[in-house]
Amino acid sequence: MINISFWSILWTVVNLLILFVAFRIFFFKPIANIIAKRQEEANEVYAKATAKETEANELAAQYEQKVAEAETEKKQIIADARKSADGQYQKIVAEAKANASEIKTAAATEANREKEQIIASAKKEIADIIVDATTKVVGGQTGAEVDSSLFDEFIGKAGE
Amino acid sequence: MTLAEKLVEELNCEEVFRMHIGGYEIPVMESVVVTWIIMAVLILLAIFLTTGLKTQNISKKQAFAELIYEKLNAIVGATLGEEGKAYTGYLVTVLLYIGLSNIIGLFGFKSPTKDVNVTAALALMSIILVEAAGIYQLGVKKWLHKFVEPVAIVTPFNILDVFTRPLSLCMRLFGNVLGAFVIMELLKIVVPPVIPAVFSLYFDLFDGLLQAYVFVFLTSLYIKEAIE
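Everything numeric in this text was worked out from a predicted model, so none of it was measured.

Engineer: Explanation requested: the overall build of chain B in the structure shown.
Structural biologist: Counting secondary structure elements, chain B contains eight helices and two strands. Its helices and strands taken in sequence order, chain B reads α-β-β-α-α-α-α-α-α-α from the N to the C terminus. C-alpha atoms of chain B, sized along the principal axes, occupy 60 × 55 × 45 Å.

Engineer: Explain the overall build of chain A to me, please; I cannot follow it from the model alone.
Structural biologist: Within chain A, the regular secondary structure consists of two helices and zero strands. Taking 2.2 N^0.38 as the reference for a compact globule, 160 residues should give roughly 15 Å; the C-alpha atoms of chain A span a radius of gyration of 62 Å, well beyond that estimate. Judged by the C-alpha coordinates and their principal axes, chain A covers about 200 × 20 × 20 Å. Out of the 160 residues belonging to chain A, those deemed buried represent 8%.

Engineer: I'm lost on the interface of chain A and chain B in this one. Help?
Structural biologist: Size of an interface, as often reported, equals the accessible area lost when the parts are brought together. Each side of the interface is counted separately: chain A has 28 residues, and chain B has 32 residues. Considering only residue class, the side of chain A that touches chain B consists of 20 nonpolar, four polar and four charged.

Engineer: How do you make sense of the packing of helix 3 (residues 60-80) of chain B against helix 4 (residues 88-103) of chain B when you look at a structure like this?
Structural biologist: Between two packed helices, the angle of one axis relative to the other and the distance separating the axes together describe the packing. Residues and elements named next belong to chain B. Two elements in contact, helix 3 and helix 4, have axes separated by 9 Å at closest approach and are oriented at 120°. By the criterion of interaxial angle, the relationship of helix 3 to helix 4 is oblique. Helix-helix and strand crossings are classified by hand; for helix 3 and helix 4 the assignment is right-handed. When helix 3 is examined against helix 4, the residues Leu 72, Asn 73, Val 76, Gly 77 and Leu 80 are found in contact with a partner set consisting of Thr 88, Leu 91, Val 92 and Leu 95.

Engineer: What should I look at first to understand the pairing of strand 1 (residues 15-21) of chain B in this one?
Structural biologist: Each regular strand displays side chains that alternate between the two surfaces of the sheet. Residue and element names in this part refer to chain B. Within strand 1, only zero of the seven residues are buried, which leaves the element largely exposed. Pairing analysis gives six bridges linking strand 1 to strand 2 (residues 24-29), with the strands arranged antiparallel. Its bridge partner lying in strand 2, Arg 18 is registered against Pro 27. Turn length for the strand 1-strand 2 hairpin, with the two strands adjacent in sequence and antiparallel, is two residues, and the turn residue Gly 22 shows positive phi of about 60°.

Engineer: I would appreciate a short explanation of helix 5 (residues 116-138) of chain B in the present structure.
Structural biologist: An α-helical turn contains 3.6 residues, so any two residues separated by three or four positions project in the same direction. Along its 23 residues, helix 5 of chain B runs 32 Å from first to last C-alpha, staying within 8% of the 33 Å computed at 1.5 Å per residue. Phi turns positive, to about 90°, at Gly 139 of chain B, one or two residues after helix 5 of chain B.

Engineer: For this particular structure, what's the right way to read the confidence of the model for chain B?
Structural biologist: Caution is warranted with low-pLDDT regions, since their predicted coordinates should not be read in detail. Put simply, chain B has an average pLDDT of 85, and 100% of its residues get 70 or more. On the interface metric, ipTM, the complex scores 0.86, and its pTM is 0.71.

Engineer: What should I look at first to understand the environment of Glu 5 of chain B in this one?
Structural biologist: Residues and elements named next belong to chain B. Secondary-structure assignment places Glu 5 in helix 1 (residues 3-11). Looking at Glu 5, the number of C-beta atoms within 10 Å reads 9, which means it is exposed. Separated by 119 residues in the primary sequence, Glu 5 and Leu 124 have C-alpha atoms spaced 31 Å apart.

Engineer: Explain the packing of helix 5 of chain B against helix 8 (residues 195-227) of chain B here, please?
Structural biologist: All names here are of chain B. One way to put it is that helix 5 packs onto helix 8 with a least axis distance of 8 Å and a crossing angle of 25°. One way to sum up the angle between helix 5 and helix 8 is to call them roughly parallel. For the crossing formed where helix 5 meets helix 8, the hand is right-handed. Residues Ser 126, Leu 129, Val 130, Glu 131, Ala 133, Gly 134, Gln 137 and Leu 138 of helix 5 form the contact with helix 8, whose participating residues are Thr 219, Tyr 222, Ile 223, Ala 226 and Ile 227. The residue inventory of the contact of helix 5 with helix 8, partitioned by class, reads eight nonpolar, four polar and one charged.

Engineer: What is the right way to look at the nonpolar core in this model?
Structural biologist: A general trend in soluble globular proteins is that nonpolar side chains are found buried together. Counting residues in hydrophobic clusters, the biggest one holds 55 residues, and the most contacted among them are Leu 91, Val 94, Leu 95, Tyr 97 and Ile 223 of chain B. By residue number, the principal contributor to this core is helix 5 of chain B, which donates 10 residues.

Engineer: Teacher, can you tell me more about helix 4 of chain B here?
Structural biologist: Compared with an ideal rise of 1.5 Å per residue, which puts 16 residues at 22 Å, helix 4 of chain B spans 22 Å between its outermost C-alpha atoms and is within 8% of the ideal. Burial within helix 4 of chain B is extensive, with 15 of its 16 residues counted as buried.

Engineer: What is the right way to read the environment of Ile 130 of chain A from this model?
Structural biologist: Residues and elements named next belong to chain A. Residue position: Ile 130 is located in helix 1 (residues 6-138). Its 16 C-beta neighbours within 10 Å are what place Ile 130 among the partly exposed residues. Sequence separation between Ile 130 and Phe 154 is 24 residues, and the spatial gap between their C-alpha atoms is 9.1 Å.

Conventions we followed
Starting afresh in each chain, residues are numbered from 1 along the sequence in its written order. The order in which chains are written sets their letters, starting at A; the order in which ligands are written sets their numbers, starting at 1. For this predicted model, a pLDDT threshold of at least 70 governs which residues receive local features, and a threshold of 80 or more governs which side-chain atom pairs are given and counted, while totals over whole chains, interfaces and linings are taken from all residues. Every helix listed is a DSSP run of H or I at least four residues long, and every strand listed is a run of E at least two residues long, numbered separately from the N terminus. Computation of the radius of gyration draws on C-alpha atoms, with the globule rule given as 2.2 Å multiplied by the number of residues to the power 0.38. Residue burial here comes from a neighbour count, namely the number of other C-beta atoms, placed from the backbone, that lie within 10 Å of the residue's own C-beta, with 20 or more meaning buried, 12 or fewer meaning exposed, and in between meaning partly exposed. We call two residues in contact when their backbone-placed C-beta atoms lie within 7 Å. The classification used treats Ala, Val, Leu, Ile, Met, Phe, Trp, Tyr, Cys and Pro as nonpolar, Asp, Glu, Lys and Arg as charged, and all other residues, Gly among them, as polar. Angles shown run from 0 to 180 degrees and are taken between the N-to-C directions of axes, each axis being a line fitted to C-alpha atoms and, for helices, limited to the stretch in contact. Oblique is the label for any angle not under 35 degrees, not over 145, and not in the 65 to 115 range, which are roughly parallel, roughly antiparallel and roughly perpendicular in turn. Should the near helix be turned counterclockwise from the far one by less than a right angle, the crossing is left-handed, whereas a clockwise turn marks it as right-handed. Strand pairing follows a simple DSSP-based rule, namely that at least 2 bridges must link the two strands. Helix span, as expected, comes to 1.5 Å for every residue beyond the first. Each residue gets a pLDDT score, which is the predictor's confidence in that residue and runs from 0 to 100. Nonpolar cores are identified as sets of buried Ala, Val, Leu, Ile, Met, Phe, Trp, Tyr and Cys residues joined via C-beta atoms within 7 Å.

Structure follows, in structure tokens:
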């Protein structure tokens, strides 16, 4: 029971060392390796995911920027269009106004000219009528000079 | 055969056979043979558990193997700390060996730990590991200086520690296993049918595993102390 035997102690020491080495080879090493490997894989996946996320964020930012750019562009185009439309409108209106006034002036000039023409022809007609009438009235008193002087006097008075 | 004779027979570690290597006659005791059986069981189990390891879609077997690995490392590593990580492998091996040795009595074998030579060898290796770890981690000078800490007057006790620690480790384990065995044998004789089974749970199973843990815990504590 309690008899120390050198050989038993030596055997046990040897056995323990063998068991330790065997466990290292068959248990600790493989499991530690597989855990480390899995960690590595997980790290890799994580790194990849992080890279993807960054990329996605970048893309999203780019997209947003593009959308914003498009928005400003749209606004710019609308503003431009509005501006040009306004200009066109103003131009058309101005043109129309100018046209209208031109027409008006032309019409007025024409009317004036016509009026003068009418007046001139009326004058001539009246003069003729007067000459006729005077000729008829004066009758015997021939002498064209007298007629003419009378007429002129009349006209002069009528014109005043 | 009287009870005493029976007990003594059970307690004695018989010589199984002799080896002739060179000029030496090497006796092989029962405890050594049972140790071989335990080693075979543990190694086969380890090989079985670690075949076909994968990193993904792991089998239940691998999950179990990893669980054991993690738990054992955690149990031993908790006292060892980060610096003593290198020594977990040996301590886990010792934990498994003593644990299985203590409960192998349930399967009809004589526990190797019932042989004082086995516990002496375990304790011897523990103290060699402790001192070696101290020298390796601190260097000879600091290691020697540890003997005069905290004050010079305790030096004799510190030196004594080198011998009492393994002795206490050895005797604690041996005494517990022996005591549990004697009590169980007595119980089997005194109250035969059911009661011994209940006590067996404590003395054979719980105490056996507890003593394995205590042994490893103390060794790791000594290592931690030595490398600080």
